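Residue strings, one per chain:
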Amino acid sequence: EVTILTLEISHLVGGYSQIPVLKDISFDVRDGELVGLIGLNGAGKSTTINHIIGLLTPQKGIIKINGVTIKDDNQSYKQQIAYIPEMPILYQELTLREHINLTIMAYGLDEKDAWQKADKLLKTFRLENKLDWFPANFSKGMKQKVMIVCAFVTDAPLMIIDEPFLGLDPLAVHDLLSLIEERKHEGASVLMSTHALDTAEKYCDRFVLLHDGQVKIEGSLAELQEALPGVGESLDDI
Ligand code: ATP
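From a predicted model like this one, the values you see are computed outputs, not experimental measurements. (Residues numbered from 1 in each chain as written. Predicted model: local features only at pLDDT ≥ 70, side-chain atom pairs only at ≥ 80, totals over all residues. Heavy atoms only, no water.)

Draft legend 1. Representation of the nonpolar core in the model. Ile-100, Phe-152 and Ile-180 are the most contacted members of the largest nonpolar core, which has 49 residues in total. For this core, the leading source of residues is helix α4 (residues 140-153), giving 8 residues. When residues no more than four places from it in sequence are discounted, the contact partners of Ile-180 are Leu-34, Phe-152, Ile-161, Val-190 and Met-192. Among the nonpolar cores identified, the runner-up in size contains 23 residues, and Leu-7, Val-35, Ile-65 and Leu-210 belong to it. (Core = buried A, V, L, I, M, F, W, Y, C linked by side-chain atoms within 4.5 Å. Buried < 20%, exposed > 50% of the residue type's maximum accessible area, 1.4 Å probe, protein only. Helix = DSSP H or I, 4+ residues; strand = E, 2+ residues; numbered from the N terminus. Contact = heavy atoms within 4.5 Å.)

This is the structure in structure tokens:
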């Protein structure tokens, strides 16, 4: 059986200009896997994600997506990644409809298929009557829903989701988790950073625990708890 590695990070050293944050990060996300990226505030989760999506350039190490090393001078890998940021990124001057059209263009999607998907997603998140509204003015949770809709309109094989649960209502959390499950069954891989371990435990296949810019341990939540005795019911104690 061939295991496909959708995302491979080996010996990544990086951070913000002069400030090294990531000291040596190596881990993989396999085809069809949902991996939870966990760790205390400041452990380096968002910084790791910023390297994967190409916002930051590694000082050392390699990031591969479907076997291909990502490089600054070839941006095509970005179409392989659907990214849902913690803080929604929306354009002040674009309507919801225009945000979806922008996604369709950026990812080179078939317009008819993509809009079919979008209509369904908009209904799920109760945004179907807001196509002519400007989402930059929406509430935080509604903005997040717009980012979710746009991410799931793409058929990117790798989804990167940064702390999705803060600010989303329980119904939306449930709907997001169902969508993730669906994409996983279609073979997509998901890397999700979160502090919501109770929820994540039920859905994640594996966890990568970051501590001080390094991978401290990876495995199931039970394996993590076994390897780190003294850790309470919840990994929030680490
Ligand atoms: P959280 O759970 O709070 O989201 P995190 O694990 O995502 O935390 P990061 O945001 O990756 O942590 O932060 C890792 C380190 O990088 C922290 O020490 C932080 O101060 C530093 N850092 C984050 N953003 C910047 C930046 N733009 N410039 C310089 N340092 C930064």
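Draft legend 2. Geometry of the pattern of salt bridges. Within this structure, the stated rule accounts for 8 salt bridges. In this structure, Arg-183 engages Glu-186 in a salt bridge whose closest nitrogen and oxygen atoms are separated by 2.5 Å. Overall, the relative accessible area of 10% leaves Arg-183 in the buried class. With a closest N to O distance of 2.7 Å, Arg-206 and Glu-218 form a salt bridge. Taken together, the residues span a long stretch of sequence, with Arg-206 in strand β9 (residues 206-211) and Glu-218 in strand β10 (residues 214-219) at a distance of 12 residues. In this structure Arg-206 comes out as buried when scored by relative accessible area, which is 11%. Looking at Glu-218, the relative accessible area reads 34%, which means it is partly exposed. Overlapping salt bridges, with partners in common, bring together Arg-30, Glu-33, Arg-206 and Glu-218 in one network. (Salt bridge = Lys/Arg side-chain N within 4 Å of Asp/Glu carboxyl O.)

Draft legend 3. Quick peek at the pairing of strand β4 (residues 60-65). Here strand β1 (residues 5-16) pairs with β4 via 5 bridges, running antiparallel. If you follow Val-13 over to β4, its bridge partner there is Lys-60. Relative to strand β5 (residues 68-69), β4 runs antiparallel, the two being bridged by 2 bridges. Paired with Lys-64 across the bridge in β5 is Thr-69. Connecting β4 to the antiparallel partner β5 that follows it, the hairpin turn spans 2 residues, and Asn-66 within it adopts a positive phi of roughly 45°. (Pairing = 2+ DSSP bridges.)

Draft legend 4. Structural context of the pairing of strand β7 (residues 158-162). With 5 of 5 residues buried, β7 lies mostly within the body of the structure. With burial as the criterion, each face of β7 is covered, one bearing Leu-158, Ile-160 and Asp-162 and the other bearing Met-159 and Ile-161. Here strand β6 (residues 81-84) runs beside β7; their pairing, made up of 4 bridges, is parallel. Residue pairing for β7: Ile-81 is matched across the bridge by Leu-158.

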